[in-house]
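Examining the three-dimensional arrangement
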Amino acid sequence: MECVFGLVGNGFAIVVADTSAVHSILVHKSNEDKIMVLDSHKLVAASGESGDRVQFTEYIQKNVALYQFRNGIPLTTAAAANFTRGELATALRKNPYSVNILLAGYDKETGPSLYYIDYIASLHKVDKGAFGYGSYFSLSLMDRHYHSGMSVEEAVDLVDKCIMEIRSRLVVAPPNFVIKIVDKDGAREYAWRESVKDASTA
């Protein structure tokens, strides 16, 4: 029951993902970070089959780093989103990845942006987006409460509303979420929202 969502505010973009690693009826762990730091000013939040999610996001991360290494300049957020979409589209005709992505970034020229890329390689620039069963609740809440130019405090308050709604309304709701933010100061972890901690194994 994966939940990934994000939005763009005034000078920043914020993305949130559940941290449950599940297979069938089993929960393997509840602290799996599904938001990858792509580079200094980009974040990739992904949902989908665990193997596809990890392999594809690492593949994108290394290719973005390779581009910067070869050319001496980083890809813009739009360029990284289009590259990611192109790789998904190529794989779609060969060995498709079951992965949905929200790519958030910050560029000096254009500011913050958020891109919605689904498993069939659709690409859209959005102000707010969501994937997974949690999207039924988070999208409706964001439709109601989101407005352009939100402050970090307003955005985090909206994120907390979405998390509380998912926890209370979704029948098999993930207990823990990670929140990450990207702005002019870079991409970084903002907070965790935990209701269950993994027991340490003896």
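Overview of the structure. Treat the numbers as computed from the prediction; the structure is a model and nothing was measured. (Residues numbered from 1 in each chain as written. Predicted model: local features only at pLDDT ≥ 70, side-chain atom pairs only at ≥ 80, totals over all residues. Heavy atoms only, no water.)

Some remarks on the environment of Ile179
Defined as follows: A run of H or I in DSSP counts as a helix once it spans at least four residues, and a run of E counts as a strand once it spans at least two, with each numbered from the N terminus. Whether two residues are in contact is decided by their heavy atoms: any pair within 4.5 Å suffices.
By secondary structure assignment, the location of Ile179 is in strand S11 (residues 177–183). C-alpha separation for the pair Ile179 and His147, spaced 32 residues apart in sequence, amounts to 19 Å. Leaving out residues up to four positions away in the same chain, Ile179 has contacts with Ile14, Val15, Val16, Val159, Glu189, Tyr190, Ala191 and Arg193.

A look at the side chain of Thr19
Here is the rule: Buried residues are those whose accessible area, probed at 1.4 Å on protein chains only, stays under 20% of the maximum for their type, while exposed residues exceed 50% and partly exposed ones sit between those limits.
Take Thr19: it is sitting in the loop between strand S2 (12–18) and strand S3 (21–23). By relative accessible area, Thr19 is classed as buried at 0%. Aside from chain neighbours lying at most four places away, what touches Thr19 is Lys29, Ser30, Asn31, Glu32, Asn176, Phe177, Val178 and Trp192.

Considering the sheet that holds S2
Heads up, the condition is: Strand pairing follows a simple DSSP-based rule, namely that at least 2 bridges must link the two strands. To get an axis, fit a line to the C-alpha atoms, keeping to the stretch in contact for a helix; angles then go from 0 to 180 degrees between the N-to-C directions.
Taking strand neighbours across the sheet as the criterion, the five strands line up as S10-S1-S2-S11-S12 in an open arrangement whose pairing is antiparallel. Only two strands of the sheet have a single neighbouring strand rather than two, namely strand S10 (128–132) and strand S12 (186–193). Going across the sheet, the axis of each strand differs from the next one's by a mean of 15°, ignoring polarity. Bridging between S2 and S11 involves seven bridges; their strand directions are antiparallel.

Observations concerning the packing of aromatic side chains
Counted only if it meets this: By convention, a stacked pair of Phe, Tyr or Trp rings (six-membered ring in the case of Trp) has centres within 6.5 Å and planes under 30 degrees apart, an edge-to-face pair has planes over 60 apart, and any other such pair is tilted.
Under the criterion given, the structure shown has four aromatic pairs. An angle of 35° between the planes, with centres 6.5 Å apart, marks the rings of Phe56 and Tyr59 as tilted. Residue Phe56 and its partner Tyr59 are located together in helix H1 (residues 50–71), separated by three residues, close to a single helical turn. In this structure Tyr59 comes out as partly exposed when scored by relative accessible area, which is 31%. Taken together, a centroid distance of 6.4 Å and an interplanar angle of 40° make the contact between Tyr133 and Tyr136 tilted.

Regarding the pattern of salt bridges
What counts is decided by this rule: Salt bridges are defined by distance alone: a side-chain nitrogen of Lys or Arg within 4 Å of a carboxyl oxygen of Asp or Glu.
Following the criterion strictly, the structure yields twelve salt bridges and no others. Taking the shortest distance from any N to any O, the salt bridge between Lys161 and Asp157 comes out at 2.8 Å. In this pair, Lys161 and Asp157 both sit in helix H4 (residues 152–169), four residues apart, roughly one turn of the helix. Close ionic contact of Arg193 with Asp160 constitutes a salt bridge, the shortest N to O distance being 2.7 Å. Taken together, the residues Arg193 in strand S12 and Asp160 in helix H4 connect sequence positions 33 residues apart. By relative accessible area, Arg193 is classed as partly exposed at 22%. According to the relative accessible area criterion, Asp160 is partly exposed, its value standing at 24%. One salt-bridge network, in which partners are shared between bridges, spans Glu2, Asp18 and Lys34.

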